[in-house]
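Chain by chain, the residues:
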Amino acid sequence: MAAHTATSSSLIFIVSGPGGVGKGTIVNALAERDPQLWLSRSWTTRAQRQGESDAAYVFADRATFEARIAADGFLEWTDFLGNYYGTPTPEPVVGRDVLLEIEVDGARQVKALHPEAVLIFVLPPTRDEQQRRLRGRGDAEQKVHERLQKALDEEPVGMALANHVVVNDDLERTVTEMMQIIEHHRMLR
Ligand code: 5GP
């Protein structure tokens, strides 16, 4: 992140992991529990799902997204299964730590720019549970299949980059473990 976009004492926490591990639920719970965390809102060109909150993303068309890329308006962006996803360059967040929920290629980019960023990689408790969660979103079977395959590809890459690996077998326990990790890094700051 450019020097003007955050105070030098801001930490960056990246929550990443393969599809169907519950990353979105986890980061919402973290942000709710800890007001010092500033949860970034991503942009995507993916169509909004039925029932998905308007606040889940900034839903943009490809031309608008590409214009923002050209204007250097993203901290990171990637093409994930045919759609763009990106983190807008964060605004100043004095006294708050940045929380990102992104896939593995984006996590790699942020770690390259900010090696001190803390990457927490989330794994599903079982493949069955992961499939159940991916299917529960109402996507077409073909899309579910693509996402499962992508998840298998992402896992080893993310594991190699991660500072911490957490298995999301129970939301409450996972969030508590992550808060402990976050507090630990704040103490080291
Ligand atoms: P979904 O379509 O399920 O909402 O998201 C697909 C994947 O994109 C998920 O792994 C999600 O974490 C990731 N993602 C969401 N926002 C961003 C972003 O801003 N940048 C990157 N690189 N990935 C993102």
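Quick caveat, the model's predicted, so the values are computed rather than measured.

Conventions adopted
- Residues numbered from 1 in each chain as written.
- Predicted model: local features only at pLDDT ≥ 70, side-chain atom pairs only at ≥ 80, totals over all residues.
- Heavy atoms only, no water.
- Helix = DSSP H or I, 4+ residues; strand = E, 2+ residues; numbered from the N terminus.
- Rg over C-alpha atoms; globule rule 2.2 N^0.38 Å.
- Contact = heavy atoms within 4.5 Å.
- Expected span 1.5 Å × (residues − 1).
- Bend = angle between axes of the 7 residues up to and from the residue.
- Pairing = 2+ DSSP bridges.
- Near = heavy atom within 4 Å.
- Polar contact = N/O pair within 3.5 Å; in protein donor to acceptor, adjacent residues only side chain to side chain.
- Areas by Shrake-Rupley, 256 points an atom, 1.4 Å probe, with all protein chains shown as cover.
- Nonpolar A, V, L, I, M, F, W, Y, C, P; charged D, E, K, R; others polar.
- Buried < 20%, exposed > 50% of the residue type's maximum accessible area, 1.4 Å probe, protein only.
- Axes fitted to C-alpha atoms, helices over the stretch in contact; angles between N-to-C directions.
- Parallel < 35°, antiparallel > 145°, perpendicular 65-115°, else oblique.
- Left-handed = near helix turned anticlockwise from the far one by under 90°.
- Core = buried A, V, L, I, M, F, W, Y, C linked by side-chain atoms within 4.5 Å.

Colleague: Can you help me understand the overall build of the chain in this one?
Modeller: A count of helices and strands for the chain gives 6 helices and 9 strands. Over its C-alpha atoms the chain spans a radius of gyration of 16 Å, differing by no more than 12% from the 16 Å that the globule rule assigns to 189 residues. Dimensions of the chain along its principal axes, counting C-alpha atoms only, are 45 × 40 × 30 Å. In the chain, 68% of the contacts between residues at least 6 apart in sequence involve partners at least 24 apart.

Colleague: Would you mind showing me how to read helix H5 (residues 141-161) here?
Modeller: Since the α-helix turns once every 3.6 residues, residues separated by three or four places project in the same direction. The end-to-end C-alpha distance of H5, which contains 21 residues, comes to 30 Å, matching closely the 30 Å that a straight helix rising 1.5 Å per residue would cover. Maximal helix bending in H5 amounts to about 30°, located at Glu154; proline Pro156 follows within four positions. Next to the buried residues of H5 lie strand S5 (74-80), strand S6 (83-88), helix H3 (104-113), strand S8 (118-123) and helix H4 (127-135).

Colleague: Sorry if this is basic, but what is going on with the sheet that holds strand S3 (residues 43-44) here?
Modeller: Strand pairs in the sheet, formed through backbone hydrogen bonds, run parallel or antiparallel to each other. An order of S4-S3-S6-S5 is seen for the 4 strands of this open sheet, with the pairing classed as mixed. Taken across any chain shown, the strands that pair with only one partner, and hence form the sheet edges, are strand S4 (58-59) and S5.

Colleague: I would appreciate a short explanation of the site of the ligand in the present structure.
Modeller: Near the ligand there are 17 residues, and of these Ser42, Arg46, Tyr57, Tyr85 and Glu101 occur at the shortest range. Between the ligand and Arg46 there is a distance of 2.6 Å, counted from an oxygen atom to a side-chain nitrogen or oxygen. Here an oxygen atom of the ligand sits 3.3 Å away from a polar atom, N or O, in the main chain of Thr87. Considered on its own, the ligand offers 510 Å² of accessible surface; in the complex 95% of this is hidden by protein. Elements that contribute at least two residues to the shell around the ligand include exactly S5 and S6. Across the shell around the ligand, the residue classes break down as 4 nonpolar, 5 polar and 8 charged.

Colleague: Can you help me understand the environment of Arg186 in this one?
Modeller: Here Arg186 is to be found in helix H6 (residues 171-188). Here Arg186 falls in the buried class, since its relative accessible area comes to 10%. Along the backbone, Arg186 and Leu11 are 175 residues apart, and their C-alpha atoms lie at a distance of 7.8 Å. Ignoring sequence-local partners within four residues, the contact set of Arg186 consists of Leu11, Asp34, Gln36, Leu37, Asp97 and Met179. A distance of 2.7 Å separates a polar atom in the side chain of Arg186 from a polar atom in the side chain of Asp34.

Colleague: Before we go on, may I ask you to explain the environment of Val157 in this structure?
Modeller: Looking at where Val157 falls in the secondary structure, it is placed in helix H5. According to the relative accessible area criterion, Val157 is partly exposed, its value standing at 41%. Considering only alpha carbons, one finds Val157 and Asp105, 52 residues apart in sequence, at a separation of 8.7 Å.

Colleague: Explanation requested: the packing of helix H1 (residues 23-33) against H6 in the structure shown.
Modeller: Axis angle and axis distance: for two packed helices, these are the angle between their axes and the distance between the axes, and together they describe the pair. At a minimum axis distance of 10 Å, the contact between H1 and H6 shows a crossing angle of 60°. Classified by the angle their axes make, H1 and H6 are oblique. The handedness of the crossing between H1 and H6 is right-handed. Residue-level inspection shows Thr25, Ile26, Ala29, Leu30 and Arg33 of H1 in contact with H6, the latter providing Leu171, Glu172, Thr174, Val175, Thr176, Met178, Met179 and Ile182. For the contact of H1 with H6, the residue count by class is 8 nonpolar, 3 polar and 2 charged.

Colleague: How should I be thinking about the nonpolar core in this particular structure?
Modeller: Across soluble globular proteins, nonpolar side chains have a tendency to be buried as a group. Ranked by size, the top nonpolar core spans 18 residues in total, and within it Phe13, Val15, Leu30, Leu99 and Met178 carry the most contacts. Elements with a minimum of two residues in this core: strand S1 (12-16), H1, S8 and H6. With 5 residues, H6 is the largest single contributor of residues to this core. Other than its neighbours up to four places away in sequence, Phe13 contacts Leu37, Asp97, Val98, Leu99, Leu100, Val118, Ile182 and His185. In terms of nonpolar packing, the next biggest core, distinct from the first, is built from 11 residues, Ile12, Leu75, Ile102 and Val110 among them.

The quantities given are spatial measurements derived from coordinates; they are silent on function.
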